[in-house]
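A look at the structure
Here are the chains, one letter per residue:
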Amino acid sequence: MRRLLKAKPRARGLVVPAMPVGSPGMEVGGRKDPYEVLLVNPDGSTRTYAQY
Ligand SMILES: [Cu+2]
């Protein structure tokens, strides 16, 4: 989020589909599944923005 605010790319926002375990608000013990944060472009398409 900090990186997005700093870079200010032209985009609608960031999304994380499917509520992966270990993402913010989806903590389950110490389990952390890998997931991608997608940037939503102005035209609605997406690209990978970050991987965790
Ligand atoms: Cu959830």
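The coordinates are above.
Residues numbered from 1 in each chain as written. Predicted model: local features only at pLDDT ≥ 70, side-chain atom pairs only at ≥ 80, totals over all residues.

Notes on the sheet that holds strand β2 (residues 36-40)
Read across the open sheet, the three strands follow the order β1-β2-β3; overall the sheet is antiparallel. The strands lining the two open edges of the sheet, one partner per strand, are β1 (13-15) and β3 (46-51). For this sheet, the mean angle separating the axes of adjacent strands, direction not counted, is 35 degrees. Summarising the sheet, β1 and β2 pair through three bridges and their orientation is antiparallel. Following the sheet pairing, leucine 14 is matched in β2 by leucine 39. (Pairing = 2+ DSSP bridges. Helix = DSSP H or I, 4+ residues; strand = E, 2+ residues; numbered from the N terminus. Axes fitted to C-alpha atoms, helices over the stretch in contact; angles between N-to-C directions.)

Details of the pairing of β2
The side chains of a regular strand alternate between the sheet's two faces. With five bridges joining them, β2 and β3 adopt antiparallel strand pairing. What sits directly across from valine 40, in β3, is threonine 46. Between the end of β2 and the start of β3, which pair antiparallel, lie five residues, with glycine 44 showing a positive phi angle near 95 degrees.

Some thoughts on the environment of asparagine 41
Along the chain, asparagine 41 turns up in the loop between β2 and β3. Look at asparagine 41 and you get partly exposed, because 13 C-beta atoms sit within 10 Å. Residues asparagine 41 and alanine 11, 30 residues apart in the sequence, show an inter-C-alpha distance of 4.5 Å. Setting aside residues up to four positions removed in sequence, asparagine 41 forms contacts with Ala11 and Thr46. (Buried ≥ 20, exposed ≤ 12 C-beta atoms within 10 Å, placed from the backbone. Contact = placed C-beta atoms within 7 Å.)

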